[in-house]
Protein chains: 2
Amino acid sequence: MNEHKNVIDKNSPKPLYSQIADWFREKIISKEWSKNHQLPAEEDLAKQLEVSRGTLRKAISSLIKEGILIQIQGKGTFVAEPKVSHPFGQELISFAESMEREGIQFETKVLEKRLIHPNASIQKKFSLIEDQTVLYLKRVRYIDQEPVILLENYIQVNLCPGIELVEFERIPLFTAIENYSKRKIKSGIRQFEARGLEEEQSALLSLPIGAPVLYIDQITYLDESIPVEVSQVWLRSDKYSMASYLHRD
Amino acid sequence: MNEHKNVIDKNSPKPLYSQIADWFREKIISKEWSKNHQLPAEEDLAKQLEVSRGTLRKAISSLIKEGILIQIQGKGTFVAEPKVSHPFGQELISFAESMEREGIQFETKVLEKRLIHPNASIQKKFSLIEDQTVLYLKRVRYIDQEPVILLENYIQVNLCPGIELVEFERIPLFTAIENYSKRKIKSGIRQFEARGLEEEQSALLSLPIGAPVLYIDQITYLDESIPVEVSQVWLRSDKYSMASYLHRD
DNA sequence: GAGTGGTCTAGACCACTAG
DNA sequence: TAGTGGTCTAGACCACTCT
């Protein structure tokens, strides 16, 4: 009768809508549901999954924001055609998480990792009043042996004690922050600019000085608008351009 | 008893949650609710507005995505501190709409407006098979007499007949598309890159050749994933950088 | 008319925060 | 313990699409 029962665990602390969304993503990534596939009607699907229609709709809604599903009133719910790579719908995911989700192979090289006193600009972003130390991280990401992303991160160590010991070659920064702070990352702001490469950066990204790159300034927050991480990212947009799905209410 | 009754019109075709969201925006923009102001509890507010808590939460949720409100479990709902300018939360709004909402004065100069046969790259984005004509628009936007944005738009005229007569100096493109197509714009995709200016563009934006600018490639869709407009935008990110609020579920 | 998604309701219980 | 948001339910009715 109920072939999907096993995928939903009502006793898990993870919300049902989130479990359902994960299950949809799997179906779609595995091509079990390929593009333009029509999903069962909401009412039927809700019955099969033994959840209310509202819960199901919350799951669908998050995938619409990611650009993975589309809904047309009177017709149905369909798997969207993939339009672009590297989408960052509304969901705050790190570059590493994004690449992993897309199945892109990459390597991370840690150039620097040390505790520093941040300059005034970083302090301001953290709303720091006292002169506290933060963990400074400088990394380059390679795809197919080519350098594509240069990242500088500043992490509030007092919010995640012990994080300075993490091997950031393998562990995604967001994972480490959530583990060591024992809290969840809640939101973030990304600001997009275009910049010409300076000498030091140009060597690291194998591009000439002055070459235009996407520059992203990011602040990541825990609950209650507590800033936990500030980063500056230089991105070769010839190799990895970023895209956003937008919707009009 | 009920001081807010007048703001919600249950007979309007506009959904209640959307009316409530507009009402919140007004309260916040007018500073009646200033930053860090705590909103009444959801249950109380729902009673005052004579709507269900679910409807109220849907309105709040859209403002959270825009970065205007934050919610903290156990504490309450608060007006967020403005963090950046030019946010494009989840909402698909045009550059003109965005600037208007922020109260930025700008001027638009139309450099070209004519029907053309688009090249292969544009045709592909429209998924056009036949060789149809589209309306080509080339505009520059000035803020404080300085050129800041260069826009090239390609509009499917057969979806919005008559749109070629619009005075685009005054009328926002999205408004014109919705009026002439008699349909609503539903979604869009923006792809961000960094590019160096070419000669012609550099003259229009008053920047040297090769200067890095934000390049945004956008496709706008009506219902059912019908592409109605394709645009290429060059943006002086020293004058107008774009920011996105992101949230983690 | 039958089938779909879009909106809305009125509850219920849980998780978290603070005094 | 009281107050807050977070999740979930089981319905209802409406708007739209297709035949």
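Residues numbered from 1 in each chain as written. Chains lettered and ligands numbered in written order. Predicted model: local features only at pLDDT ≥ 70, side-chain atom pairs only at ≥ 80, totals over all residues. Heavy atoms only, no water.

Peer 1: Hey, could you run me through the protein's contact with DNA strand D in this one?
Peer 2: Lining the immediate environment of DNA strand D, one finds 24 residues, of which A:Leu16, A:Tyr17, A:Ser52, A:Lys75 and B:Arg53 sit closest. The protein-proximal atoms of DNA strand D, defined as those within 4 Å of the protein, are 70% sugar or phosphate. Measuring from a phosphate oxygen of DNA strand D, one finds a side-chain N or O atom of B:Arg57 at 2.7 Å. Contact distances for DNA strand D include 3.0 Å between a phosphate oxygen and a side-chain N or O atom of B:Thr77. Among the elements of the structure, α1 (16–29) and α3 (53–65) of chain A together with α3 (53–65), β1 (69–72) and β2 (76–79) of chain B are those that each provide at least two residues to the surface near DNA strand D. Element by element, the count of residues in the surface near DNA strand D is highest for α3(A), at 3 residues. A breakdown of the residues in the surface near DNA strand D according to their chemical character gives 6 nonpolar, 9 polar and 9 charged. (Near = heavy atom within 4 Å. Polar contact = N/O pair within 3.5 Å; in protein donor to acceptor, adjacent residues only side chain to side chain. Helix = DSSP H or I, 4+ residues; strand = E, 2+ residues; numbered from the N terminus. Nonpolar A, V, L, I, M, F, W, Y, C, P; charged D, E, K, R; others polar.)

Peer 1: Looking at this structure, how should I read the packing of helix α2 (residues 42–49) of chain A against α3(A)?
Peer 2: Packed helix pairs are specified by the crossing angle of their axes together with the interaxial distance, meaning the distance between the axes. Residues and elements named next belong to chain A. Between α2 and α3, the shortest axis-to-axis distance is 9 Å and the interhelical angle comes to 105 degrees. The angle between the axes of α2 and α3 places the two elements in the roughly perpendicular class. In this structure, α2 contributes Glu42, Leu45, Ala46 and Leu49 to the contact, and α3 contributes Arg53, Leu56, Arg57 and Ile60. Classifying every residue of the contact of α2 with α3 by side-chain character gives 5 nonpolar, no polar and 3 charged. (Axes fitted to C-alpha atoms, helices over the stretch in contact; angles between N-to-C directions. Parallel < 35°, antiparallel > 145°, perpendicular 65-115°, else oblique. Contact = heavy atoms within 4.5 Å.)

Peer 1: Any chance you could explain the interface of chain A and chain B here in plain terms?
Peer 2: The parts lose accessible area when they come together, and the size of an interface is often stated as this lost area. Taken together, the contact between chain A and chain B spans 45 residues of the former and 45 residues of the latter. Roughly 4,300 Å² of surface becomes buried between chain A and chain B when both sides are summed, with 51% attributable to carbon and sulfur atoms. Across the chain A-chain B interface, the total number found is 4 salt bridges. For B:Arg248, the salt bridge goes to A:Glu97, with nearest N and O atoms at 2.9 Å. One can count 18 residue pairs in polar contact (both at pLDDT 80 or more) joining chain A with chain B. Of all the secondary structure elements, the ones that give two or more residues to the side of chain A that touches chain B are α3, β1 (69–72), α6 (173–181), β6 (185–196), β7 (212–222) and β9 (242–247) of chain A. The element contributing the most residues to the side of chain A that touches chain B is β6(A), with 12 residues. Within the side of chain A that touches chain B, the residues separate by chemical class into 19 nonpolar, 13 polar and 13 charged. Pairing analysis gives 6 bridges linking β6(A) to strand β9 (residues 242–247) of chain B, with the strands arranged antiparallel. Across the sheet, A:Ser187 pairs through a bridge with B:His247, a residue of β9(B). (Buried area = accessible area lost by both parts, 1.4 Å probe. Salt bridge = Lys/Arg side-chain N within 4 Å of Asp/Glu carboxyl O. Pairing = 2+ DSSP bridges.)

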